[in-house]
Amino acid sequence: MIPVLLGLGSNAEFGGRSCIELLATAGCRLASLLTDAVFSSVYESKAMYVTKQANFYNMAAKGFVPDGTDPFALLSDLNAIEAELGRDRSKEIRFGPRSMDIDIEEFGAQVIDTPRLQVPHPRMREREFVLIPALEILDESADCKIRETLFAYARALPSQGVAKCPEQIQTSFRSLLEGGIHGSKSC
């Protein structure tokens, strides 16, 4: 099995769903793609690069895909989830508002550098909104090497204002996510 680390973000509602609902729906979809999927808490962060937009809600997910899985096939699956949740790349501003963004941060030990996919994600090391949620879910034992690397990146950054969302939001998110995964609520 290949370990996969994903970063998710949303700062625009879509189809009557809030950013938190969109993240939970994405998590439900990811649970069907990843074995042993684990999801971080939800964090709120100020937008980077294009700063005149709403704050983002971010989280990380980790899990496993079968050996032999093509990372480009996974990317296509992730792009389909983004599109289902309102992302239209043809109409968006780079680094601008979006209803859903899912990035492959790590795909096993693979290094990929193509115009379509770069792994490890080239901007991961400069983004607290990726590093903090990822560190929350990476075990100190099984994921030790990647955890140490990400911790070093995070320690080198100035604070970027990433904050864990209040418990009420965490509870709502977990309820939506678990309900969707277990089929008691629509995902």
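### Quick notes on helix 1 (residues 19–33)
For helix 1, spanning 15 residues, the distance from its first C-alpha to its last is 21 Å, which sits close to the expected 21 Å at 1.5 Å a residue. Among the residues of helix 1, those classed as buried are Cys 19, Ile 20, Leu 22, Leu 23, Ala 24, Thr 25, Ala 26, Gly 27, Cys 28 and Leu 30. For helix 1, the elements touching its buried residues are strand 1 (2–10), strand 2 (35–39), strand 4 (56–65), helix 2 (71–84), strand 5 (101–107) and helix 5 (167–181).

### A word on the packing of helix 1 against helix 2
Running from amino to carboxyl end, helix 1 crosses helix 2 at an angle of 155°, the nearest separation of the two axes being 10 Å. Taken together, the axes of helix 1 and helix 2 are roughly antiparallel relative to one another. Seen along the crossing, helix 1 lies across helix 2 with a hand that is right-handed. Between helix 1 and helix 2, the contacting residues are Ala 26, Arg 29, Leu 30 and Leu 33 on the first element and Leu 74, Asp 77, Leu 78, Ile 81 and Glu 84 on the second.

### A word on unusual backbone geometry
Residue Pro 120 is reached from Val 119 by a cis peptide bond, and omega for that bond is -10°. Following the sequence through the fold, Pro 120 ends up in the loop between strand 7 (118–119) and helix 3 (128–137). Residues other than glycine seldom take positive phi values, yet Asp 36 does so here, at roughly 55°. Note that Asp 36 resides in strand 2. With a relative accessible area of 56%, Asp 36 lands in the exposed category. One non-glycine residue, Phe 95, adopts positive backbone phi at about 65°.

### Observations concerning the packing of helix 1 against helix 5
Closest axis-to-axis distance for the helix 1/helix 5 pair is 8 Å, and the angle between their directions is 35°. Between helix 1 and helix 5 the crossing geometry is right-handed. Within the contact between the two elements, helix 1 uses Ile 20, Glu 21, Leu 23, Ala 24, Gly 27, Cys 28 and Ala 31 and helix 5 uses Ile 169, Phe 173, Leu 176, Leu 177, Gly 180 and Ile 181. In the contact of helix 1 with helix 5, the residues fall into 10 nonpolar, 2 polar and 1 charged.

### A short note on the side chain of Glu 82
Note that Glu 82 resides in helix 2. For Glu 82, a relative accessible area of 0% translates into the label buried. Excluding residues within four positions of it along the chain, Glu 82 makes contact with Arg 87, Arg 89, Met 100, Asp 101 and Ile 102.

### A few points about the state of the cysteines
With the rule as written, the count across this model stands at 0 disulfides. Left unpaired, Cys 19 is separated from the closest cysteine sulfur, that of Cys 165, by 10 Å. The exposure class of Cys 165 is buried, given its relative accessible area of 5%.

### Some thoughts on the environment of Tyr 153
With respect to the element layout, Tyr 153 can be found in helix 4 (residues 144–156). With 93 residues separating them in the primary sequence, Tyr 153 and Ala 60 have C-alpha atoms 16 Å apart. Aside from chain neighbours lying at most four places away, what touches Tyr 153 is Arg 125 and Leu 131.

### Remarks on the side chain of Glu 106
Tracing the backbone shows Glu 106 in strand 5. The side chain of Glu 106 sits in the buried core without any salt bridge; Arg 125 is the nearest counter-charge, 9.3 Å away. Excluding residues within four positions of it along the chain, Glu 106 makes contact with Pro 3, Val 4, Leu 5, Val 119, Pro 120, Met 124 and Ile 146.

What counts and what doesn't
Residues numbered from 1 in each chain as written. Predicted model: local features only at pLDDT ≥ 70, side-chain atom pairs only at ≥ 80, totals over all residues. Heavy atoms only, no water. Helix = DSSP H or I, 4+ residues; strand = E, 2+ residues; numbered from the N terminus. Expected span 1.5 Å × (residues − 1). Buried < 20%, exposed > 50% of the residue type's maximum accessible area, 1.4 Å probe, protein only. Contact = heavy atoms within 4.5 Å. Axes fitted to C-alpha atoms, helices over the stretch in contact; angles between N-to-C directions. Parallel < 35°, antiparallel > 145°, perpendicular 65-115°, else oblique. Left-handed = near helix turned anticlockwise from the far one by under 90°. Nonpolar A, V, L, I, M, F, W, Y, C, P; charged D, E, K, R; others polar. Disulfide = S-S within 2.5 Å. Lys, Arg positive; Asp, Glu negative; His and termini not counted. Salt bridge = Lys/Arg side-chain N within 4 Å of Asp/Glu carboxyl O.

These figures come from the coordinates and say nothing about function on their own.
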